[in-house]
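# Structural overview
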Amino acid sequence: MIELRGRLVALATEHEVYLEHLSLANFRNYVRLELELPPGITLVQGENAQGKTNLLEAIYYLATARSPYATADRELINWLAEEEELTFARLAGQIQKDRALQRLEISLLKERAPAANAHSLKKQIRINGVPRRVLDLIGQLNVVLFMPQDIDLVAGSPSGRRRYLDTTICQFDSLYCRTLRRYGRVLTQRNHLLRQLQERRGSHEQLRFWDEKLAEDGAHLIARRREVIVELEELARAIYLELTGRDEHLSLRYEMSTRMPDTHYQIPLGPGFEGGLGIRYSESSIREAFLEQLRGITREEIQRGMSLIGPHRDDLGFLAGGVDMRIYGSRGQQRTVVLALKLAEAELLARKTGEQPVVLLDEVMSELDEARRRYLMQAIENSQQAILTTTHWNAYRPEFLEQATLLRVKEGRIKGAGEQGSRGAEEARAGIRY
Ligand SMILES: Nc1ncnc2c1ncn2[C@@H]1O[C@H](COP(=O)(O)OP(=O)(O)OP(=O)(O)O)[C@@H](O)[C@H]1O
Ligand SMILES: [Mg+2]
């Protein structure tokens, strides 16, 4: 670990990246916000429902063009803006990248179709003023977000874990991202055809065409996910050991719906598993197995009108001390697994891109015990920029408050909680009393 950290620090000095300025207009409860952000640790305090989560969501959105919370982008636009002639939200960020400035901008514009009462939302992305696609945006600013609901990553459904894998890999691998999008389109087409065949329309020849496409892109996604999981596991395992006081071993495994020849249904990975070592499948061998299996399940797929195997049906498993955490993990264990995974993700991103991600922590301290808190604090002290939220200053030690920039949020407005350094900390400590 110590060695790993050393390496991270070295990388950090090589590439300095942080979000220096954030402007928001009509984003959630921020009607207007102009916020300077320093490198290092920023702690944002606020009562419930003042805009702590919304601030982190805005930064995450600016980096990924995707919200971790909202089901539809239109939820992000300030309610009051709905009444206005022009309904829009705008996010802009200035990023310091090796002393050069990068400007990222996302606008959401609600367009009213004059006749019907229909609305459509136009999302426009600009990088340094030039219109760009989502794919160009990803990777400009790497972020790792950690929030209390993240426990669902372990405790929740496989789709959440697949989304997690996809978002993580997309941050540093644009080929994966492009393949993922295409796979999604192929899947839709193929499912459509399967339903047609169910109704005795459509052609089997066409299905074979989509089989090829599905297996080709699917194999790429599976192979890549497996590679990344091995790397993520190596990092998460070391962190988990430290978090649990060298007590428990964590392993990750990729559970494939596509069966490989001569192996079990679930393929263990990593050194924690007997026989797990060295099982590496080439993309082409996965593709072949995928195709062959597709041929064998045609009848069932037509009957059910859906594609039954592929990366869209796979899962990520977590084992601590050999026990499946998705099913048997205690809340505390599940939380620790997620914490290890997120910290591992931050290290992985730094390793892949040479840039440390901005770490966003939404009220996570209150949920952790003392030892885990201390570990997390240490980990973020090494990061280039970390933005944390809290309802109570006293969730943090005075020494920590001393070195952090302290901000206070109230009704969608943010101001400094005193000067940085001792005065801020003092005021913050005084703040506990009222
Ligand atoms: N589109 C929107 N327009 C205006 N206000 C919104 C919009 N979406 C959410 N809000 C409001 O913004 C407020 C702040 O939400 P936020 O989740 O940031 O609070 P918080 O400070 O994280 O609170 P908590 O401590 O409870 O987590 C809430 O009252 C919420 O209802
Ligand atoms: Mg919140």
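As the structure is a computational prediction, the values presented were derived from the model and not from experiment.

Basis of the calculations
Residues numbered from 1 in each chain as written. Chains lettered and ligands numbered in written order. Predicted model: local features only at pLDDT ≥ 70, side-chain atom pairs only at ≥ 80, totals over all residues. Heavy atoms only, no water. Helix = DSSP H or I, 4+ residues; strand = E, 2+ residues; numbered from the N terminus. Buried < 20%, exposed > 50% of the residue type's maximum accessible area, 1.4 Å probe, protein only. Areas by Shrake-Rupley, 256 points an atom, 1.4 Å probe, with all protein chains shown as cover. Near = heavy atom within 4 Å. Polar contact = N/O pair within 3.5 Å; in protein donor to acceptor, adjacent residues only side chain to side chain. Nonpolar A, V, L, I, M, F, W, Y, C, P; charged D, E, K, R; others polar. Contact = heavy atoms within 4.5 Å. Salt bridge = Lys/Arg side-chain N within 4 Å of Asp/Glu carboxyl O. Pairing = 2+ DSSP bridges. Axes fitted to C-alpha atoms, helices over the stretch in contact; angles between N-to-C directions. Phe/Tyr/Trp six-rings, centres within 6.5 Å; stacked < 30°, edge-to-face > 60°. Core = buried A, V, L, I, M, F, W, Y, C linked by side-chain atoms within 4.5 Å. Patch = residues over 30% accessible without salt bridge, like charges linked within 9 Å, V, L, I, M, F, W, Y side chains within 5 Å. Parallel < 35°, antiparallel > 145°, perpendicular 65-115°, else oblique. Left-handed = near helix turned anticlockwise from the far one by under 90°. Expected span 1.5 Å × (residues − 1).

Within the protein chain, the secondary structure is distributed over 14 helices and 15 strands. By residue count, 56% of the 434 residues in the protein chain fall in the buried class. With an accessible surface of roughly 20400 Å², the protein chain has 48% of that area assigned to carbon and sulfur atoms.

A separate point is the site of ligand 1. Of all residues adjacent to ligand 1, which total 16 residues, the nearest are Asn48, Ala49, Lys52, Thr53 and Glu75. Taking Trp79, its main chain carries an N or O atom lying 3.1 Å from a nitrogen atom of ligand 1. About the coverage of ligand 1: the protein hides 75% of its 660 Å² of free accessible area. Considered class by class, the residues forming the shell around ligand 1 number three nonpolar, eight polar and five charged.

Moving on, we get to the environment of Thr42. Mapped onto the elements of the fold, Thr42 is located in strand S3 (residues 40–45). Judged by its relative accessible area of 0%, Thr42 falls in the buried class. Put simply, Thr42 and Leu407 are 365 residues apart on the chain and 7.3 Å apart in space, counted from C-alpha to C-alpha. Beyond its immediate chain neighbours, meaning those up to four positions away, Thr42 contacts Leu37, Ala386, Ile387, Leu388, Thr405 and Leu407.

Here the focus is the pattern of salt bridges. By the definition in use, this model includes 32 salt bridges. Two residues, Arg190 and Glu301, come together in a salt bridge whose shortest N-O distance is 2.6 Å. With a gap of 111 residues between them, Arg190 in helix H6 (residues 174–198) and Glu301 in helix H9 (residues 298–304) connect regions that are remote in the sequence. Overall, Glu301 belongs to the buried group, its relative accessible area being 1%. In this structure, Arg326 and Asp324 form a salt bridge, with 2.8 Å as the shortest nitrogen-oxygen distance. Under the relative-accessibility criterion, Arg326 is labelled buried at 15%. Each of the salt bridges in this network shares a partner with another, and the network as a whole consists of Arg161, Arg253, Glu255, Asp315, Asp324 and Arg326.

Our focus in this paragraph is the sheet that holds strand S10 (residues 315–320). Pairing is antiparallel across the open sheet formed by three strands, whose spatial order is S9-S10-S11. Whereas interior strands pair on both sides, the edge strands pair on one side only; in this sheet they are strand S9 (250–255) and strand S11 (323–324). Sheet contacts for helix H5 (residues 158–170): S9 and S10; angle to S10, the most-contacted strand, approximately 95 degrees.

This brings us to the pairing of strand S8 (residues 143–146). Neither face of S8 is open: one carries Val143 and Leu145, the other Val144 and Phe146, and all of them are buried. Bridge analysis of S8 against strand S12 (residues 358–362) gives four bridges, and the strand direction is parallel. Across the sheet, the residue bridging to Val143 is Val358, located in S12.

Here we come to the packing of aromatic side chains. Going through the model one piece at a time under the given rule, you end up with three aromatic pairs. Each ring, one from Phe209 and one from Trp210, has its centre 5.1 Å from the other, and the planes form 75 degrees; the classification is edge-to-face. A relative accessible area of 16% means that Trp210 is categorised as buried. When the centroid spacing of 5.1 Å and the interplanar angle of 20 degrees are considered together, the rings of Tyr396 and Phe400 count as stacked. Just as Tyr396 is buried, Phe400 falls in that class too.

What follows concerns the nonpolar core. Within the largest apolar cluster, 85 residues are counted, with the highest numbers of intra-cluster contacts made by Phe318, Leu376, Ile380, Leu388 and Tyr396. Ignoring any residue separated from it by four or fewer positions in sequence, one finds Leu376 in contact with Leu339, Leu343, Leu361, Val364, Met365 and Leu368.

Right, let's get into unusual backbone geometry. A positive phi angle is found at Ala65, which is not glycine, with a value near 60 degrees. Overall, Ala65 belongs to the buried group, its relative accessible area being 6%. The backbone of Glu363 sits at a positive phi, close to 45 degrees, despite the residue not being glycine. Residue classification places Glu363 among the partly exposed positions, given a relative accessible area of 23%.

Moving on, we get to the sheet that holds S8. If you trace the six strands from one edge of the open sheet to the other, you get S8-S12-S13-S3-S14-S15, paired in mixed fashion. Two strands lie at the open edges of the sheet, namely S8 and strand S15 (413–416), each paired on one side alone. In this sheet, adjacent strand axes meet at a mean angle of 20 degrees when their direction is disregarded.

Attention now goes to a nonpolar patch on the surface. On the surface, Val323, Ile327 and Tyr328 cluster together into a nonpolar patch covering about 330 Å² of accessible area. In this structure, Tyr328 sits in helix H10 (residues 325–328).

A word on the packing of helix H7 (residues 204–243) against helix H11 (residues 331–353). When two helices pack together, their arrangement is given by the angle between the helix axes and by the axis-to-axis distance. Two numbers describe how H7 lies on H11: the axes approach to 8 Å, and their chain directions differ by 125 degrees. In terms of axis orientation, H7 runs oblique to H11. H11 is crossed by H7, and the crossing has right-handed handedness. Partitioning the contact of H7 with H11 into residue classes produces 14 nonpolar, two polar and six charged.

What follows is about H11. Compared with the 33 Å implied by 1.5 Å per residue over 23 residues, the 33 Å span of H11 between its first and last C-alpha is a close match. Most of H11 is tucked away: 17 of the 23 residues are buried. Taken from the residues just after H11, Gly354 is the one with a positive phi, measuring 75 degrees.

As a further point, take the environment of Gln189. Along the chain, Gln189 falls in helix H6. Residue class for Gln189 comes out partly exposed when judged on its relative accessible area of 41%. Placed 18 residues apart in sequence, Gln189 and Leu207 show a C-alpha to C-alpha distance of 9.6 Å.

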